[in-house]
Amino acid sequence: TTAHPDVCHGCLKPEDIAQLYRRGITIATKVLKNLKAKLPLSLPTFLASLGIESFGAQTAKAIVAAGFDSLAKVMSAEEEDLAALPGVGRAKAKAVVAGLLERSAEIQRLLKVGVVPVTKKASGPLAGKSFCFTRALSKPRKMLEQMVEERGGTLLSQVTKELHYLVMEDPTSGSSKALKEIKYGTQCIDERAFL
């Protein structure tokens with residue numbers, strides 16, 4: 001990672017991976033090749049990759065966007081803190097805290113061999129703005145979401161009072177998301193306005 005450039009220059013060896021996973025050198029070499037292809041790992045990607053139940057990419061992004069922007073902050077987060085975040089809730093918060101505790105030794109081993117997540121500071125024209133996309137759009141949703149993230153914005157998977165923009169095919173529709181948008185004061189825009 002950028003935090004540990006030695007990883008990219010050969011410091012992390014297949015033997016290190018083999019020790020972590022108690023696998024053969026062939027599998028360890030494949031793991032290392034795949035890992036290097038994905039470096040640097042963002043903090044949300046690192047967290048979502050730990051295999052914790054209810055802790056996928058969207059939840060990880062929501063937690064990081066809410067200010068838990070370092071591994072230390074996430075590891076020391078209390079269940080109540082996470083439960084209050086939009087897109088998390090009590091059940092996910094409980095699973096995340098328990099899952100991080102169960103995997104703390106594994107996380108330390110990863111850090112020791114140089115697999116350290118990096119945090120991109122939110123900057124860009126969309127910094128501080130949150131977006132949610134509905135289905136029927138002309139461009140693939142993943143592409144639109146990537147545009148938001150590359151410009152410093154954050155993504156939410158549902159309409160909450162923290163959502164700034166709901167992007168949908170017809171902003172004047174009476175859909176349940178559009179009605180929530182009115183309730184929370186979110187701006188409802190079409191894809192053209194977003195672009």
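Before reading further, recall that the structure is shown in the block above.
Values in this document were obtained by computation on a predicted structure and should not be read as measured data.

Participant: Please explain the overall build of the protein chain as it appears in this structure.
Facilitator: The helix and strand tally for the protein chain stands at 11 helices and four strands. Here the protein chain holds 195 residues, and 36% of them are scored as buried. Long-range pairs, those at least 24 residues apart, make up 60% of the contacts in the protein chain between residues at least 6 apart in sequence. Carbon together with sulfur atoms contributes 53% to the accessible area of the protein chain, which is approximately 11500 Å² in total.

Participant: Would you mind going over unusual backbone geometry with me for this structure?
Facilitator: For residues besides glycine, phi is generally negative; the peptide bonds are generally trans as well. The phi dihedral of Ser-54 is positive, around 70 degrees, even though this residue is not glycine. Looking at the secondary structure, you find Ser-54 in the loop between helix H3 (43-48) and helix H4 (57-65).

Participant: Just to check I follow, could you spell out the sheet that holds strand S3 (residues 165-167) for this structure?
Facilitator: Within a beta sheet, neighbouring strands are joined by backbone hydrogen bonds and run either parallel or antiparallel to one another. Read from one edge of the open sheet, four strands run S2-S1-S3-S4, paired in parallel fashion. Each of the sheet's edge strands pairs with one partner strand only, and the pair in question is strand S2 (154-155) and strand S4 (187-189). As defined by bridge partners, S3 adjoins S4 across three bridges and the pair is classed as parallel. From the neighbouring strand, Tyr-165 faces S4, where its bridge partner is Gln-187.

Participant: Explain the pairing of strand S1 (residues 130-133) here, please?
Facilitator: Regular strands show a simple pattern: their side chains alternate between the two faces of the sheet. Neither face of S1 is open: one carries Ser-130 and Cys-132, the other Phe-131 and Phe-133, and all of them are buried. By the bridge criterion, two bridges tie S1 to S2 in an arrangement that is parallel. Its bridge partner lying in S2, Phe-131 is registered against Leu-155. With helix H9 (residues 141-150) bridging S1 and the parallel S2, this β-α-β connection has right-handed handedness. Pairing between S1 and S3: three bridges, direction parallel. Directly across from Phe-133, in S3, lies its bridge partner Val-167.

Participant: Please explain the environment of Thr-134 as it appears in this structure.
Facilitator: Secondary-structure assignment places Thr-134 in the loop between S1 and H9. Considering only alpha carbons, one finds Thr-134 and Ser-157, 23 residues apart in sequence, at a separation of 9.1 Å.

Participant: Before we go on, may I ask you to explain the pattern of salt bridges in this structure?
Facilitator: Should the charged atoms of two oppositely charged side chains come close, the side chains can pair. Under the defined criterion, the tally for this structure stands at five salt bridges. Here Lys-61 makes a salt bridge to Glu-149, at a shortest N to O gap of 2.8 Å. In this pair, Lys-61 sits in helix H4 while Glu-149 sits in helix H9, placing the two residues 88 residues apart along the sequence. For Lys-61, a relative accessible area of 25% puts it in the partly exposed group. Note on Glu-149: relative accessible area 34%, which makes it partly exposed. A salt bridge links Asp-69 to Lys-73, with the nearest nitrogen and oxygen atoms 2.9 Å apart.

Participant: Hey, could you run me through the side chain of Thr-59 in this one?
Facilitator: Relative to the elements of secondary structure, Thr-59 occurs in helix H4. Residue classification places Thr-59 among the buried residues on the basis of a relative accessible area of 5%. Setting aside residues no more than four positions away along its own chain, Thr-59 makes contact with Ser-54, Gly-87, Val-88 and Lys-92.

The rules behind the values
Residues numbered from 1 in each chain as written. Predicted model: local features only at pLDDT ≥ 70, side-chain atom pairs only at ≥ 80, totals over all residues. Heavy atoms only, no water. Helix = DSSP H or I, 4+ residues; strand = E, 2+ residues; numbered from the N terminus. Buried < 20%, exposed > 50% of the residue type's maximum accessible area, 1.4 Å probe, protein only. Contact = heavy atoms within 4.5 Å. Areas by Shrake-Rupley, 256 points an atom, 1.4 Å probe, with all protein chains shown as cover. Pairing = 2+ DSSP bridges. Right-handed = clockwise from strand over helix to strand, strands pointing away. Salt bridge = Lys/Arg side-chain N within 4 Å of Asp/Glu carboxyl O.

Read these as geometric descriptors, not functional statements.
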